[in-house]
Amino acid sequence: METANKSKRPPLTAEQKQRRVERARLLKSLVYEMWNGKPVYYAGYEDVLKGIKTVEQVMSSSILQSRLVVRLSAYLLSTLNLDVYDVLGNELGIQFDKGDWRACDVAIFELSTLEGQDETKYAWVPPKVAIEVDTKANLNQFGSEFDYYEQKTTKLLQFGVEKVIWLFTKSHKVLIAEPGKDWIIRDWSQMVEVLPGCQFIPDELVAKKK
């Protein structure tokens, strides 16, 4: 009986190997979050791989997103007792387990919970409050946008976060979630309580100063 010759792929050239290494490195830099060992990439990461966009373009924020995060952080830092709390941001990594972490725009921690943390790594303890402004995640692997927001919020609450606040810049809505309570959706014109004695109105916070 004749044995059919199985075609073998030719070995990769040095240039092809280098391209693969560079693509893998680029893909790694485009990971926004890790969900149970599976990467969730930045929205638009495919365009970066195709050379249509740069890494910086898909990671960047809009003017409104940036203004909201900066002014909210400034307000929290001026209002909260910094002998008790710490306000962190810049898409801080919240680590649940190895290969399982989420990014957070603004996180409020009790200082006592951060004692002993390696500050060169992601936070392994839950913040008291997590505040998110939209998301930069590619949502193709989720059934819908809401699936992403619901799953991320639920994971944060299960981890021990006492309040999760989402600020959506397109709809000008706020989602507030706390353990054991109904989730609340409000307009930007309404007051949002972060902690007792610390609240803000999104519309007023982002109003252009004259």
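For the structure given in this document, a descriptive report is provided here. (Residues numbered from 1 in each chain as written. Predicted model: local features only at pLDDT ≥ 70, side-chain atom pairs only at ≥ 80, totals over all residues. Heavy atoms only, no water.)

**Overview of the environment of Arg19**
Right, so step 1: Residue placement: Arg19 occurs in helix 1 (residues 14-29).
Right, so step 2: With relative accessibility at 49%, the residue Arg19 sits in the partly exposed group. (Helix = DSSP H or I, 4+ residues; strand = E, 2+ residues; numbered from the N terminus. Buried < 20%, exposed > 50% of the residue type's maximum accessible area, 1.4 Å probe, protein only.)

**Remarks on the pairing of strand 5 (residues 129-133)**
Right, so step 1: Counting buried positions along strand 5 yields five of five residues, so the element is predominantly enclosed.
Right, so step 2: Burial along strand 5 is two-sided: Val129, Ile131 and Val133 and Ala130 and Glu132, pointing in opposite directions, are all buried.
Right, so step 3: Note that strand 4 (residues 100-110) and strand 5 share three bridges and pair antiparallel. Directly across from Ala107, in strand 5, lies its bridge partner Ala130.
Right, so step 4: Relative to strand 6 (residues 163-168), strand 5 is paired through five bridges, and the arrangement is parallel. Bridge pairing links Glu132 to Trp166 in strand 6.
Right, so step 5: Between the parallel pair strand 5 and strand 6, the chain is carried across by helix 5 (residues 145-159), and the sense of this crossover is right-handed. (Pairing = 2+ DSSP bridges. Right-handed = clockwise from strand over helix to strand, strands pointing away.)

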